Amino acid sequence: SKCEETKKEKYEIPYATGHALNKSVLPVMSFTFEEEFQVVDYIVRIEQYQNRRFDFFCTNFHQYRELTAAFVACTHTGRKIPFNKQIEKNLYAIGVEFTKQSCKEIYKEMGMLSSDVRREVLNCTYPALYVVMYGILEGNTREKTWMDQHMKTLHVTKESHAALKDYIRGLENVRSISLKDQERFTSPWAVEMADEEKFERTVSLVGRLLRDDIQLQALYHMFVMIRPPPRASEKIKLDSGLAEVQIKLSQLIYRYLSTKSDFSYTKGGYSSEDSEGTSRPDVTSSSIMNMSEDVEDINPDEKTRLLISLVDDLHDCVDIMQNRSLLVQTGLDV
């Protein structure tokens, strides 16, 4: 009906985010104290979610700590990290179950949605957040060790490292770990080479755009979490509460990038005094990161639009991993 079409146009996110980035409509004022607080609140909530999910994994998958340490040990000995389809399937199911149980109380944005909308959104966006994490980790392969790499990544917390302490003795100085260190992402791993290239380009872009910035990682995590793929049901596409949160977050990302705020958050809770003096040259052993050198110096408007447009690519990367991968299709356990 005409009424439904009008409603659909009203809440269609491409228009809404485009409108949000129009400087004549939204003048760029300096980042407010309330906005800084909101970003830090997101960081704290995401870290709380990650810690509770880590504990849930350890409770429901008893070898989880050993498995995590084994990944580092493989890299240390020069072996590829093996792929086990059944273990991945089990961990994925445990993670989704925890997320559905706890997301409402951890993220107020999720609590605002109806339970059926929330369920469908999380089913779609939970795996996309894995690709975001892969990207951030890949972007930080230029760090000297895997522990330094993790310290730059919002999704790996100090608490989870502390819980692994007894399992990683002697492995603290192992180099940073790339997707290419996993059997799963060693070419040829996708059915089509074009899919491999798209996956790696997407991971590379996300890594380059987010790697040095935990605040931006948090904002993008929230945006991806509430932004389902184009194939989502009409009910989801027309949900006004969901569209409202998407618009708010896209505006916050743009304002954060535009105002170049001095406020900075690290795993220690603040920027270390000598952090500027110890910045690394952009050297990485990751061949994946070479695929995004063209977006190094883009302006805040272009960067925001690129981050928003990448969400659909993230969802396609999930489909490549789950349905268009040689290892998954053959059911091969290596």
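Everything here concerns the structure above.
Analysis parameters
- Residues numbered from 1 in each chain as written.
- Predicted model: local features only at pLDDT ≥ 70, side-chain atom pairs only at ≥ 80, totals over all residues.
- Heavy atoms only, no water.
- Helix = DSSP H or I, 4+ residues; strand = E, 2+ residues; numbered from the N terminus.
- Buried < 20%, exposed > 50% of the residue type's maximum accessible area, 1.4 Å probe, protein only.
- Areas by Shrake-Rupley, 256 points an atom, 1.4 Å probe, with all protein chains shown as cover.
- Phe/Tyr/Trp six-rings, centres within 6.5 Å; stacked < 30°, edge-to-face > 60°.
- Polar contact = N/O pair within 3.5 Å; in protein donor to acceptor, adjacent residues only side chain to side chain.
- Salt bridge = Lys/Arg side-chain N within 4 Å of Asp/Glu carboxyl O.
- Core = buried A, V, L, I, M, F, W, Y, C linked by side-chain atoms within 4.5 Å.
- Contact = heavy atoms within 4.5 Å.
- Axes fitted to C-alpha atoms, helices over the stretch in contact; angles between N-to-C directions.
- Parallel < 35°, antiparallel > 145°, perpendicular 65-115°, else oblique.
- Left-handed = near helix turned anticlockwise from the far one by under 90°.
- Nonpolar A, V, L, I, M, F, W, Y, C, P; charged D, E, K, R; others polar.

Peer 1: I'm lost on the overall build of the protein in this one. Help?
Peer 2: The helix and strand tally for the protein stands at 15 helices and zero strands. Expressed as a percentage of the 334 residues in the protein, the buried residues total 49%. Accessible surface for the protein amounts to roughly 16200 Å². Of this, 52% is attributable to carbon and sulfur atoms.

Peer 1: Is there a simple way to explain the packing of aromatic side chains in this structure?
Peer 2: For any two aromatic rings, the description comes down to two numbers: the centre-to-centre distance and the angle of the planes. On inspection of all chains with the given rule, the structure shows 13 aromatic pairs. Among the aromatic residues, those joined into a cluster by ring pairs are Y92, Y126, Y130, Y134, F185, W189 and F199.

Peer 1: Please clarify how the environment of R184 should be interpreted in this entry.
Peer 2: You can see R184 is positioned in the loop between α9 (158–164) and α10 (193–210). A sequence separation of 102 residues divides R184 from P82, and the C-alpha atoms of the two residues are 7.2 Å apart. A distance of 2.7 Å separates a polar atom in the side chain of R184 from the backbone oxygen of M321.

Peer 1: Help me understand the pattern of salt bridges in this model?
Peer 2: When charged atoms on two side chains of opposite charge get close, those side chains can pair. The tally for this structure, following the rule as stated, stands at 21 salt bridges. The shortest N-O distance in the salt bridge between D195 and R324 comes to 2.9 Å. Here D195 is found in helix α10, whereas its partner R324 is found in the loop between α14 (300–323) and α15 (326–330), with 129 residues between them in sequence. Classification of D195 by relative accessible area gives buried; the value is 11%. One salt bridge connects D301 with R305, and the closest N-O pair in it is separated by 3.2 Å.

Peer 1: Would you take a moment to explain the nonpolar core for this structure?
Peer 2: In globular proteins that are soluble, nonpolar side chains generally tend to be buried together. The biggest cluster of nonpolar side chains holds 85 residues, and the ones touching the most others in it are Y107, M110, F199 and Y220. Listed by contribution, the elements that provide at least two residues to this core are α3 (33–60), α4 (64–76), α5 (85–106), α7 (115–139), α10, α11 (214–225), α13 (240–259) and α14. Per-element tally for this core: the top contributor is α7, with 12 residues. Setting aside its immediate chain neighbours within four residues, Y220 contacts V132, L210, I253, L307, L310, V311 and L314.

Peer 1: Would you take a moment to explain the packing of α3 against α5 for this structure?
Peer 2: When two helices pack together, their arrangement is given by the angle between their axes and by how far apart the axes lie. In the contact formed by α3 and α5, the axes pass within 10 Å of each other and the chain directions differ by 140 degrees. As judged from the angle between their axes, α3 and α5 are oblique. Here α3 runs over α5; the crossing is right-handed. The segment α3 lies against α5, with R45, Q48, Y49, R52, R53, F56, F57 and N60 engaging L91, I94, G95, E97, F98, T99, Q101, S102, E105 and I106.

Peer 1: Any chance you could explain the packing of α13 against α14 here in plain terms?
Peer 2: Close contact between α13 and α14 brings their axes to 9 Å; oriented N to C, the two are set at 145 degrees. As α13 runs across α14, the sense of the crossing is right-handed. Contact residues: S250, I253, Y254, L257 and S258 in α13; P300, D301, K303, T304, L307 and I308 in α14. For the contact of α13 with α14, the residue count by class is six nonpolar, three polar and two charged.

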